[in-house]
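# A closer look at the structure
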Amino acid sequence: MGKKLTFILCTGLLFGGVFILRAQKSAAEKINKVLYFNPQVEPDLEEIKEPTNTAFFSAVSDNLSERKNRMLKTETQISFDSIDQKTIADYCINNDADFAIVPKVKYFKVGLGKYVFSNQVVVSMKLFDAQGNLLTETDYDTYKKNMRLLGSTTNSVKIGTNGAIKGILKQFRKSRHADGTGF
């Protein structure tokens, strides 16, 4: 009776371990790898590019930590208005990415001077699949959406980035639901 009980217990543990490993594997396969390019910054001033990139990627990493996505970052900047499908596909293949996002951060010009900016930004994003096909695009205007008049520029970039990511996900789910493929 003791050997029979031991055999049943070991067999049960073995099958339980197999099911647990299978569940972990399927959960790991559902994680999407998203490749983010450096945002195109308007106006094109070197002094504001690095702080903008830092704030942008800080917001992206904070946002993606809540989701089942893995962020891949490339130091390359692609022009937002003229994107080559083959270039996006090559970057996705080389980085083993499922999706690619090309962002743009545009600062509002306020005042009479040439370099006087407000802390308001418009963050625009385009989402591409691994083959370089445009899936959806969105933008988030921190002034129109939040009516923010005060606050730091870094926080405006973070708020705009979070809003644009939520907008992209919402439009992506809506387009997948309309296609009948689901998400």
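Parameters and conventions
Residues numbered from 1 in each chain as written. Predicted model: local features only at pLDDT ≥ 70, side-chain atom pairs only at ≥ 80, totals over all residues. Heavy atoms only, no water. Patch = residues over 30% accessible without salt bridge, like charges linked within 9 Å, V, L, I, M, F, W, Y side chains within 5 Å. Areas by Shrake-Rupley, 256 points an atom, 1.4 Å probe, with all protein chains shown as cover. Salt bridge = Lys/Arg side-chain N within 4 Å of Asp/Glu carboxyl O. Lys, Arg positive; Asp, Glu negative; His and termini not counted. Charge placed at Lys NZ, Arg CZ, Asp CG, Glu CD. Helix = DSSP H or I, 4+ residues; strand = E, 2+ residues; numbered from the N terminus. Buried < 20%, exposed > 50% of the residue type's maximum accessible area, 1.4 Å probe, protein only. Core = buried A, V, L, I, M, F, W, Y, C linked by side-chain atoms within 4.5 Å. Contact = heavy atoms within 4.5 Å. Phe/Tyr/Trp six-rings, centres within 6.5 Å; stacked < 30°, edge-to-face > 60°. Lys NZ or Arg CZ within 6 Å of the ring centre and 35° of its normal.

### Some points on a positive patch on the surface
Side chains of K144, K145, K170 and K174 sit close together on the surface and give a patch of like positive charge. Taken together, the elements giving at least two residues each to the positive patch come down to α4 (142–146) and α5 (153–179). Among the structural elements, K170 can be located in helix α5. Looking at K170, the relative accessible area reads 56%, which means it is exposed.

### Thoughts on the nonpolar core
By size, the foremost hydrophobic cluster in this structure holds 25 residues, and its most contacted members are Y36, F56, Y107, V123, M125 and V157. Counting only elements with at least two residues in this core, the list comes to β1 (32–38), α2 (46–64), β4 (99–109), β5 (117–129) and α5. In this structure M125 touches F56, F80, I101, V102, P103, T136, E137, T138, T161, A164, I165 and I168, once residues within four positions along its chain are discounted. Core analysis: the second largest hydrophobic core is formed by 11 residues, L35, L72, F80 and V102 among them.

### Thoughts on the environment of D139
Along the polypeptide, D139 turns up in strand β6 (residues 134–141). Taking the C-alpha atoms as reference, D139 lies 8.3 Å from G160; in sequence the two are 21 residues apart. In this structure, D139 is in contact with V122, V123 and S124, ignoring residues within four places of it in sequence.

### A short note on the packing of aromatic side chains
Counted by the stated rule, this structure contains four aromatic pairs. The interplanar angle of 85° and the centroid separation of 5.1 Å between the aromatic rings of F56 and F57 together place this pair among those described as edge-to-face. Assessed through its relative accessible area of 7%, F57 is described here as buried. Following the ring pairs from residue to residue traces out a cluster consisting of Y36, F56 and F57. K73 extends its terminal NZ or CZ atom over the ring of F57, reaching a point 4.3 Å from the ring centre. Lying across the ring of F80, K126 places its NZ or CZ 4.6 Å from the centre.

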